[in-house]
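Chain by chain, the residues run as shown.
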Amino acid sequence: ALLFTSLVVLPPLAWPQSGAPIWTNRFSSPGEADDIPYAVAVDEAGTVYVTGSSYGGTANGDDDFLTLAYSGTGVALWTNRYHGPANRGNTPVGVAPGTNGDAAVAGYVTATNGWYDYATIAYSSAGVPLWTNCYDGPASRDDRATAMAVAGDGTVFVTGYSCCTNGLNDYATLAYSATGVPLWTNRYSTGANSSTSPTALAVDTNGNVF
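All of these numbers come straight from a predicted model, not from anything done at the bench.

Undergrad: Just checking my understanding: could you explain the overall build of the protein for this structure?
TA: A tally of helices and strands in the protein yields zero helices and twelve strands. Along its sequence from the N terminus, the protein presents helices and strands in the succession β-β-β-β-β-β-β-β-β-β-β-β. Sorting the 210 residues of the protein into buried and exposed places 43% on the buried side. Taking contacts inside the protein between residues at least 6 apart in sequence as the whole, the part at least 24 apart equals 47%. Surface exposure of the protein reaches about 11,500 Å², of which carbon and sulfur atoms provide 54%.

So this is what it looks like as structure tokens:
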């Protein structure tokens, strides 16, 4: 049997709840190449954020982070690209609204040494980049973010797997302040001769991250 000990009452939605399509928006990159969405989020004001990979127009055909914002009525508000330090293959994995209408995006980008690093970007409500942080693990090899979240105070948490000097992967979880200051980095290994990889991340109302 299920026991419900609390009830959260949400404000009524402005959108009809009949399942009828309200609006549709399409995005096509230069050159008509693939544009692949990976994550979507909605803030309290109804702004819709979408992030994914999109052809960046380079000769080698590599992808950018592409992040778009739409109003609750489907009006395109802004579009922003991130090429990464090497302007090569870049893949976002999550987007989350922050405070005051801003948003954060996280994923992994090709570093100048050819391996992947975490990349986290914050955008203002107007789509202006506020800060960008990359994370290169102790081995300076593959470090791939897999999930992210933003706490109520604007702290940004990112997790993924990161290569150690022994060639195995640990969990690597990072926290950034709302202004992009690195707060802490925590690595987790089973201690066995095996690699580990996280798949999800969540934050509670007290700011604890799981």
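Undergrad: What should I look at first to understand the pattern of salt bridges in this one?
TA: Two side chains of opposite charge can pair, provided their charged atoms sit close to one another. Per the stated rule, a full pass over the model turns up three salt bridges. For D142, the salt bridge is made with R144, and the minimal N-O distance between the two is 3.4 Å. The class for R144 is partly exposed, based on a relative accessible area of 23%. Here R187 ties to D170 by a salt bridge, and the two come within 3.4 Å at their closest N and O atoms. Of this pair, R187 sits in strand β12 (residues 182-188) while D170 sits in strand β11 (residues 169-176); the two residues are 17 residues apart in sequence, bridging distant segments of the chain.

Undergrad: How should I be thinking about the packing of aromatic side chains in this particular structure?
TA: The description of two aromatic rings rests on the distance between their centres and on the angle between their planes. In this structure the tally under the stated criterion is nine aromatic pairs. Geometrically, the ring pair formed by Y171 and Y188 is edge-to-face, given 5.2 Å between the ring centres and 65° between the ring planes. Taken together, the positions of Y171 in strand β11 and Y188 in strand β12 put the pair 17 residues apart, joining distant regions of the chain.

Undergrad: Would you mind going over the sheet that holds strand β6 (residues 103-110) with me for this structure?
TA: The four strands are arranged β5-β6-β7-β8 in an open sheet whose pairing can be described as antiparallel. Since the sheet does not close on itself, it has two edges, and those belong to β5 (90-97) and β8 (129-135), each with one partner. Within this sheet the neighbouring strands show an average axis-to-axis angle of 20°, counted without direction. With six bridges joining them, strand β7 (residues 116-123) and β8 adopt antiparallel strand pairing. Note on β8: the bridge partner recorded for Y118 is Y135.

Undergrad: What's the story with the nonpolar core in this structure? I'm lost.
TA: Among soluble globular proteins, nonpolar side chains are generally buried collectively. Within the largest apolar cluster, 15 residues are counted, with the highest numbers of intra-cluster contacts made by Y118, Y135, M148, V150, V156, V158 and Y176. With residues up to four places along the chain from it excluded, the contact list for V150 reads A96, P97, G98, A104, T155 and V156. Membership of the second largest hydrophobic core comes to 14 residues, among which are A41, V109, A119 and I121.

Undergrad: Which parts of the structure should I look at to understand the sheet that holds strand β4 (residues 76-82)?
TA: The strands making up a sheet associate through hydrogen bonds between their backbones, and the pairing can be parallel or antiparallel. Overall, antiparallel pairing links the four strands, which are arranged β1-β2-β3-β4 in an open sheet. The two strands at the open ends of the sheet, each matched to only one other strand, are β1 (35-42) and β4. Recorded for the sheet is a direction-independent mean angle of 20° between the axes of neighbouring strands. The sheet contact formed by strand β3 (residues 63-70) and β4 spans six bridges and is antiparallel. Bridging from a neighbouring strand, T67 pairs with N80 of β4.

Undergrad: What is the right way to read empty space enclosed by the protein from this model?
TA: Take a probe with the size of a water molecule and roll it over the atoms, and the empty space left behind shows itself. Per the stated rule, a full pass over the model turns up one cavity of 30 Å³ or more. By volume, the largest cavity is sized at about 90 Å³. Lining the largest cavity are 13 residues, and of these D102, A122, G154, V156 and A178 sit closest to its centre. Secondary structure elements with two or more residues in the lining of the largest cavity: β6, β7 and β8. Of the residues assigned to the lining of the largest cavity, the class counts are nine nonpolar, three polar and one charged.

So, how was this worked out
- Residues numbered from 1 in each chain as written.
- Predicted model: local features only at pLDDT ≥ 70, side-chain atom pairs only at ≥ 80, totals over all residues.
- Heavy atoms only, no water.
- Helix = DSSP H or I, 4+ residues; strand = E, 2+ residues; numbered from the N terminus.
- Buried < 20%, exposed > 50% of the residue type's maximum accessible area, 1.4 Å probe, protein only.
- Contact = heavy atoms within 4.5 Å.
- Areas by Shrake-Rupley, 256 points an atom, 1.4 Å probe, with all protein chains shown as cover.
- Salt bridge = Lys/Arg side-chain N within 4 Å of Asp/Glu carboxyl O.
- Phe/Tyr/Trp six-rings, centres within 6.5 Å; stacked < 30°, edge-to-face > 60°.
- Pairing = 2+ DSSP bridges.
- Axes fitted to C-alpha atoms, helices over the stretch in contact; angles between N-to-C directions.
- Core = buried A, V, L, I, M, F, W, Y, C linked by side-chain atoms within 4.5 Å.
- 1 Å grid on protein atoms, 1.4 Å probe; cavity = no way out; pocket = protein on both sides within 12 Å on 5 of 7 lines; lining within 4 Å.
- Points joined across faces, edges and corners; volume = space filled by probe spheres on them.
- Nonpolar A, V, L, I, M, F, W, Y, C, P; charged D, E, K, R; others polar.

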